[in-house]
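Summary of the model geometry
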Amino acid sequence: MKSAVETLNPTRVRLTVEVPFEELKDSLDAAYKKINQQVTVKGFRKGKVPARVIDQRFGRGAVLEEAVNDALPKFYTDAVNEAELSPLGQPEVDITELKDGETLNFTAEVDIRPAIEIPDYSGIEVEVDAVEVTDEDVEKSVEQLRERFASTTPVERAAEDGDVVTIDLEAKVDGEVLEDGVASGVSYTIGSGELLDGIDDAVKGLEAGGEATFTSELKGGSAAGKEAEVTVKVTQVAKRELPELDDEFAQLASEFDTLEELKADSRKRLENMKQYDQATQAQERVLDKLLELVEVPVPEKLLEDEINTRKHNLEHHQLGQMGLDLAKYLEIQGKTEEEFENETREAAIKGIKTQFVLDELVKQEKLNVNQEELTEHLMRRAASSGMSPDQFAQAVVEQGQVPLLVGEVARGKALAVVVEKATVKDTNGEIVDLEDDEDEAAEAETSEAAADEKAEEKTEG
């Protein structure tokens, strides 16, 4: 076999391959064997029909077609490996010549990873937000915790802002009650904005047993986005009472004995969370600077596929779960379709460039992924997906996505190498030590989880 490569553009090549006919022998034998199992010829046992009889009865062309279809993937792969190419997607193959007993010639056009030269990135400088936690931030955090320990007491009066009402709902569209438009015993805090627009004004002033009708656009369900006539009936009004902010509350809501200790812990957790956000911001801004330094051609077919994938995931997964279509989503976002198309294209281009550049860095820096790193990444991905680590790992293996996870970890390590060499300052001009930020982030996650567990235990108690 002989092959040659023609560069059509920085991201696409044409392979020209010439295969001597004798190299088709194995595929021809396999073709005859396959056809033998599929046909019946009088006078011959099944599977024992001679090749000359198959040629006579069914045509040599059918055999050649079967053999070429069997052989092409191997010859294409051999040509790719010989040229040391990194193809993207499936090739467009064209058989240019097929002479029985002489030769098979074909061309294959395919997108490839562009050759990328990574320049010196040690001089990258970025600015990130300073980590600042105000007394107001602490008070807000403690107040949110206080809200979680609020109690309710039924009252015999008209509902007011902040009250918790128990309500029954019935929604009609065009005079017809929706199958999924009826709900009973719903608990709602007036002013929370967690239900339908207009419900606060409807229930305020109503006592238990009172009802009102209002018009609102449905946010979900079978008639999402449509105007509905909603009837709400109040079955109970309860006053919401918050615990006093004192040492007793600190003991109820946490492992601390005093309110001051609780506030100090809240400040520390907020600092940790902001340091995590700061580290994330640094990574994003360093990546943007790195991409500015590197010339990265983007294959058009790959870009088109990436754009379509992003649109599909948005429309059929994210928006579908919210009961929205694309038109409604754009209306809520205040964007035109053209703006959406441009933003999606820009995001897709950035995503492709990021992968190309970081993959090149993985090779350049000779980075490897060990089992511990892969397991840690799998655990994080499992947590974000809502699956157990075992379930997520099984799904990854069954879908053949282990190499994808390895790639994600490797690219993360490549970006970390760049960030480590970058100069990161906050808005106060102070140098940021991102290793400390990572440690604090881990501590923040642990502390936050412990706080949530404590609150859950106290609430159940």
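Sequence order as written defines residue numbering, which begins from 1 separately in each chain. The predicted origin of the model limits local features to residues at a pLDDT of at least 70 and limits the giving and counting of side-chain atom pairs to 80 or more, whereas totals for whole chains, interfaces and linings rest on all residues. With hydrogens and water set aside, each side-chain value is computed from the structure's full complement of heavy atoms.

If you check an unreviewed UniProt entry, the protein appears there as Trigger factor from Streptomyces werraensis. In its Catalytic activity (unreviewed entry) section, the UniProt record describing the protein reads: "[protein]-peptidylproline (omega=180) = [protein]-peptidylproline (omega=0)". The record held by UniProt for the protein lists under Subcellular location (unreviewed entry) the comment "Cytoplasm". UniProt positions are given in the numbering used here, feature names are shortened, and annotations may be inferred rather than shown by experiment.

**Thoughts on the packing of helix H8 (residues 300–322) against helix H10 (residues 337–364)**
A pair of packed helices is captured by two measures, namely the crossing angle of their axes and the spacing between those axes. The interhelical angle for the contact between H8 and H10, taken along N-to-C directions, is 120°, at an axis separation of 9 Å. In terms of axis orientation, H8 runs oblique to H10. You can see that H8 and H10 cross each other, and the crossing is right-handed. Residues Glu300, Leu302, Leu303, Glu306, Ile307, Arg310, Lys311 and Leu314 of H8 form the contact with H10, whose own contacting residues are Phe340, Glu341, Thr344, Arg345, Ala347, Ala348, Ile349, Gly351, Ile352 and Phe356. All amino acids are sorted into three groups, where Ala, Val, Leu, Ile, Met, Phe, Trp, Tyr, Cys and Pro are nonpolar, Asp, Glu, Lys and Arg are charged, and the leftover types, Gly among them, are polar. Within the contact of H8 with H10, the residues separate by chemical class into 10 nonpolar, 2 polar and 6 charged. Note on definitions: angles span 0 to 180 degrees between N-to-C directions of axes, and those axes are lines fitted to C-alpha atoms, for helices only across the stretch in contact. Labels follow the DSSP assignment, with helices taken as runs of H or I lasting at least four residues and strands as runs of E lasting at least two, numbered in each case from the N terminus. By definition in this entry, angles of less than 35 degrees are roughly parallel, angles greater than 145 are roughly antiparallel, angles of 65 to 115 are roughly perpendicular, and the rest are oblique. For any helix crossing, the convention is left-handed if the near helix is rotated counterclockwise from the far helix by under a right angle, and right-handed if that rotation is clockwise. Contacts between residues were defined by any pair of non-hydrogen atoms, one from each residue, lying within 4.5 Å.

**Some remarks on the pattern of salt bridges**
Salt bridge criterion: a side-chain nitrogen from Lys or Arg within 4 Å of a carboxyl oxygen from Asp or Glu. Counted under the stated rule, the structure contains 34 salt bridges. One salt bridge connects Glu18 with Lys2, and the closest N-O pair in it is separated by 3.7 Å. Separated by 16 residues along the polypeptide, Glu18 in strand E2 (residues 12–20) and Lys2 in strand E1 (residues 2–9) bring together distant segments of the chain. Partly exposed residues are those whose accessible area sits between 20% and 50% of the maximum for their type, while under 20% is buried and over 50% is exposed, using a 1.4 Å probe and protein chains only. Owing to a relative accessible area of 58%, Lys2 belongs among the exposed residues under this scheme. A salt bridge links Arg14 to Glu6; its shortest N-O distance comes to 2.7 Å. Relative accessible area serves as the criterion here: at 24%, Arg14 is assigned to the partly exposed category. On the basis of relative accessibility, which here comes to 39%, the residue Glu6 falls in the partly exposed class. Residues joined by salt bridges that share partners form a network here, namely Glu6, Arg12, Arg14, Glu92, Glu109 and Asp111.

**Some points on the side chain of Ser27**
Its location among the elements puts Ser27 in helix H1 (residues 25–38). Beyond its immediate sequence surroundings of up to four residues, Ser27 is in contact with Ala67, Asp70 and Ala71.

**Focus: a negative patch on the surface**
On the surface, Asp247, Asp257, Glu260 and Glu261 cluster together into a negatively charged patch. Within the element layout of this structure, Asp257 appears in the loop between helix H6 (247–253) and helix H7 (259–293). Judged by its relative accessible area of 52%, Asp257 falls in the exposed class. The patch calculation keeps residues exceeding 30% relative accessible area without a salt bridge and links them within 9 Å when they carry like charges or within 5 Å when they are nonpolar (Val, Leu, Ile, Met, Phe, Trp, Tyr). Areas reported here follow the Shrake-Rupley algorithm with a probe of radius 1.4 Å; residue values treat only the protein chains shown as occluding. Here Asp and Glu are counted as negative and Lys and Arg as positive; His is not counted, and neither are the chain ends. One atom stands in for each charge, and that atom is NZ of Lys, CZ of Arg, CG of Asp or CD of Glu.

**Quick notes on the sheet that holds strand E3 (residues 87–99)**
Through backbone hydrogen bonds, the strands of a sheet pair up, either in parallel or in antiparallel fashion. Two strands pair if DSSP finds at least two bridges between them. Strand order across the open sheet formed by 4 strands is E1-E2-E4-E3, with antiparallel pairing between neighbours. Each edge of the sheet is formed by a strand with only one pairing partner; in this case those strands are E1 and E3. Taken pair by pair, the neighbouring strands of this sheet meet at an average axis angle of 20°, ignoring direction. Seen against the sheet, helix H3 (residues 60–83) touches E1, E2, E3 and strand E4 (103–112) and runs at an angle of roughly 125° to E3.

**Re the pairing of strand E10 (residues 227–241)**
Direction of pairing for strand E6 (residues 151–154) relative to E10: antiparallel, over a ladder of 4 bridges. Its bridge partner lying in E10, Thr152 is registered against Arg240. Direction of pairing for strand E7 (residues 164–173) relative to E10: antiparallel, over a ladder of 9 bridges. Pairing of Thr166 across the sheet is with Gln236, part of E10. Strand direction decides the pairing type here: strand E9 (residues 211–217) and E10, joined by 7 bridges, are antiparallel.

**Some remarks on the pairing of E4**
Note on strand geometry: in a regular strand, side chains alternate between the two faces of the sheet. For E4, a buried count of 9 out of 10 residues is recorded, marking the element as mostly surrounded by other parts of the structure. Adjacent in sequence and paired antiparallel, E3 and E4 are bridged by 3 residues, among which Gly101 carries a positive phi angle near 85°.

**Side note on the packing of aromatic side chains**
Here a pair means two rings of Phe, Tyr or Trp (six-membered ring of Trp) with centres within 6.5 Å. Their orientation is stacked below 30 degrees between planes, edge-to-face above 60, and tilted elsewhere. Under the criterion given, the structure shown has 1 aromatic pair. With a centroid separation of 6.1 Å and an interplanar angle of 85°, the aromatic rings of Phe149 and Phe249 are classed as edge-to-face. Taken as a pair, Phe149 in the loop between helix H4 (135–148) and E6 and Phe249 in helix H6 lie far apart in primary sequence, 100 residues in all.

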